Amino acid sequence: MYNLKNIAEITSNNRKEINEFLELFCNESANAILKFQEGVSKNDITTIKFYAHKLKLSLKYLELNDLFDCCFEIESANEFLSFKSISEKVNFLTLSLEKVIHEIRSKELLQE
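Described below are features of the structure shown in this document. Remember, it's a predicted structure, so these values are computed and weren't measured experimentally.

### Quick look at the packing of aromatic side chains
Centre-to-centre distance and the angle between the planes together describe a pair of aromatic rings.
For step 1, the next point in the chain: Overall, the coordinates contain two aromatic pairs when judged by the stated rule.
For step 2, the next point in the chain: Here the aromatic rings of phenylalanine 21 and tyrosine 61 are separated by 6.3 Å at their centres, their planes lie at 75°, and the arrangement is edge-to-face. Of this pair, phenylalanine 21 sits in helix H2 (residues 15-41) while tyrosine 61 is found in helix H3 (residues 45-61), placing the two residues 40 residues apart along the sequence.
For step 3, the next point in the chain: What makes tyrosine 61 partly exposed here is its relative accessible area of 31%.

### Thoughts on the packing of helix H4 (residues 65-75) against helix H5 (residues 83-108)
For step 1, the next point in the chain: Packing of H4 against H5 leaves a shortest axis separation of 10 Å and a crossing angle of 150°. Once H4 is placed against H5, the crossing between them reads as left-handed. Residue-level contacts link Asp66, Leu67, Cys70, Cys71, Glu73 and Ile74 of H4 to Lys89, Val90, Phe92, Leu93, Ser96, Leu97 and Val100 of H5.
For step 2, the next point in the chain: Each residue belonging to the contact of H4 with H5 can be placed in one class, and the counts come to nine nonpolar, one polar and three charged.

### Looking at the packing of H2 against H5
For step 1, the next point in the chain: Here H2 crosses H5 at 150°, and the two axes come no closer than 9 Å. Judged on the interaxial angle alone, H5 and H2 are roughly antiparallel. Handedness of the crossing formed by H2 with H5: left-handed.

### Describing unusual backbone geometry
For step 1, the next point in the chain: Of note, the phi angle at serine 12 is positive, near 55°, even though the residue is not glycine.
For step 2, the next point in the chain: Turning to its location among the elements, serine 12 is positioned in the loop between helix H1 (5-10) and H2.
For step 3, the next point in the chain: For serine 12, a relative accessible area of 65% puts it in the exposed group.
For step 4, the next point in the chain: The backbone of asparagine 13 sits at a positive phi, close to 60°, despite the residue not being glycine.

### Some details on H5
For step 1, the next point in the chain: The terminal C-alpha atoms of H5 lie 36 Å apart, and with 26 residues this matches the ideal 38 Å at 1.5 Å per residue to within 8%.
For step 2, the next point in the chain: Along its buried surface, H5 packs onto H2, H3 and H4.

### Considerations on H2
For step 1, the next point in the chain: In this model, H2 (27 residues) spans 39 Å end to end at C-alpha, consistent with the 39 Å of a helix rising 1.5 Å per residue.
For step 2, the next point in the chain: Buried within H2 we find Ile18, Asn19, Phe21, Leu22, Phe25, Cys26, Ser29, Ala32, Ile33, Phe36 and Gly39.
For step 3, the next point in the chain: Looking at the buried side of H2, the elements it contacts are H1, H3 and H5.
For step 4, the next point in the chain: Backbone geometry just after H2 places asparagine 43 at a positive phi near 55°.

### Topic: the environment of asparagine 13
For step 1, the next point in the chain: Inspection of the secondary structure assignment puts asparagine 13 in the loop between H1 and H2.
For step 2, the next point in the chain: With a relative accessible area of 55%, asparagine 13 lands in the exposed category.

### Side note on the pattern of salt bridges
For step 1, the next point in the chain: Evaluated as defined, the whole model comprises nine salt bridges.
For step 2, the next point in the chain: For the salt bridge of lysine 16 with glutamate 20, the shortest nitrogen-to-oxygen distance reads 3.4 Å. Taken together, the positions of lysine 16 and glutamate 20, both in helix H2 and four residues apart, correspond to about one turn of that helix.
For step 3, the next point in the chain: The partner of lysine 84 in a salt bridge is glutamate 88, and the shortest N-O contact between them spans 3.2 Å. Highlighted residues: lysine 84 and glutamate 88, both in helix H5, separated by four residues, approximately one helical turn.
For step 4, the next point in the chain: Judged by relative accessible area, lysine 84 falls into the exposed class, the value being 59%.

Definitions and limits used
- Residues numbered from 1 in each chain as written.
- Predicted model: local features only at pLDDT ≥ 70, side-chain atom pairs only at ≥ 80, totals over all residues.
- Heavy atoms only, no water.
- Phe/Tyr/Trp six-rings, centres within 6.5 Å; stacked < 30°, edge-to-face > 60°.
- Helix = DSSP H or I, 4+ residues; strand = E, 2+ residues; numbered from the N terminus.
- Buried < 20%, exposed > 50% of the residue type's maximum accessible area, 1.4 Å probe, protein only.
- Axes fitted to C-alpha atoms, helices over the stretch in contact; angles between N-to-C directions.
- Left-handed = near helix turned anticlockwise from the far one by under 90°.
- Contact = heavy atoms within 4.5 Å.
- Nonpolar A, V, L, I, M, F, W, Y, C, P; charged D, E, K, R; others polar.
- Parallel < 35°, antiparallel > 145°, perpendicular 65-115°, else oblique.
- Expected span 1.5 Å × (residues − 1).
- Salt bridge = Lys/Arg side-chain N within 4 Å of Asp/Glu carboxyl O.

Quick look at the structure:
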């Protein structure tokens, strides 16, 4: 699902720093999920695009390429893409992020 290779490289495989990155990622992703849901309920594409952009770099570091691509598509959406299409992408992104957060919290963060 995700790969820690890039994070391990950046941190010189320092487990404490890897865990700090992962905890930050989980917290920021959980916040983004709430903002995505709020954005969909209010038809607020600006908020949705903002949080999609905010997640992209972390997703790239974790090699979550499908989620990165989804964020890119959301961020790049123009007036020709229906809000229904955007909310479907947000739904996919939200469900996927919830799985990643659960996996990281139950697996990775226990290895301190």
